[in-house]
Structures are given as C-alpha cells and as structure tokens.
Amino acid sequence: METSDATGQEAAVLDDGPADGLRVRVTGRPRAIQVTYPCEVDAALDGVRAEALYIYRRDLRVEHEPLRYGFDTASP
C-alpha cells in the first residue's frame, strides 16, 4: 500500500470516462477533479481556446491509497 508523501499528497486513480486509468496525486482529498481536453477550433480568435470539461467525483467508500475518482456521466 502506498502512503502519503511529506507534502500531504496521495495517489488517486480516475475510473471510466475519457481519462480512465489516469493516475494523479491529490492534496486534501478533494471531492471532485476536473479533467479538460483541448478542442480543435477552425478559426481561433486571439487568445481564445475551447476545452471539453469532465468531472470525476471521489468514491467516499475508499479510505486508502490509491483513492478512486469515478467519472460523473452528468458532466457538462
């Protein structure tokens, strides 16, 4: 089993959705994580970009590392 490092970070894994299996380090056990993917645009305005946003919510039943975050299918 992994343990928290000196900065208070813990290992977490994202389940399902577009970032399935991605391993991240989190601090303070956030209830949700946002994942973004850049979107291709035909004619970008100066400094404007588009990104797809996906939400992963922490599985509160998991108490030990790696923490688990499940894809929220209701993501905007």
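Throughout what follows, the structure given in this document is the object of discussion. (Residues numbered from 1 in each chain as written. Predicted model: local features only at pLDDT ≥ 70, side-chain atom pairs only at ≥ 80, totals over all residues. Heavy atoms only, no water.)

### So, unusual backbone geometry
Of note, the bond from glutamate 65 into proline 66 is cis; its omega dihedral lies within 30 degrees of zero at -5°. As for its position among the elements, proline 66 is in the loop between strand E4 (50–58) and strand E5 (67–71). Notably, aspartate 16 is not glycine yet its phi reads approximately 65°, a positive angle. Position of aspartate 16 relative to the elements: it lies in the loop between strand E1 (9–15) and strand E2 (23–27). (Helix = DSSP H or I, 4+ residues; strand = E, 2+ residues; numbered from the N terminus.)

### Brief notes about the pairing of E5
Note that E1 and E5 share four bridges and pair parallel. Bridge pairing in E5 places alanine 12 opposite leucine 67. The pairing of E4 with E5 spans three bridges and is classified as antiparallel. Bridge pairing in E5 links arginine 57 to glycine 70. (Pairing = 2+ DSSP bridges.)

### Some thoughts on the environment of valine 35
Residue placement: valine 35 occurs in strand E3 (residues 32–39). Of the residues examined, valine 35 reaches a relative accessible area of 11% and is grouped as buried. For the pair valine 35 and arginine 61, spaced 26 residues apart in the sequence, the C-alpha separation amounts to 22 Å. Setting aside anything within four residues of it in sequence, one finds valine 35 in contact with Leu14, Ala19, Ala52, Leu53, Tyr54 and Tyr56. (Buried < 20%, exposed > 50% of the residue type's maximum accessible area, 1.4 Å probe, protein only. Contact = heavy atoms within 4.5 Å.)

### Some details on the environment of arginine 61
By the secondary structure assignment, arginine 61 is in the loop between E4 and E5. Assessed through its relative accessible area of 72%, arginine 61 is described here as exposed. Separated by 45 residues in sequence, arginine 61 and aspartate 16 place their C-alpha atoms 17 Å apart. A polar contact is formed between the side chain of arginine 61 and the side chain of aspartate 59, at a distance of 2.9 Å. (Polar contact = N/O pair within 3.5 Å; in protein donor to acceptor, adjacent residues only side chain to side chain.)

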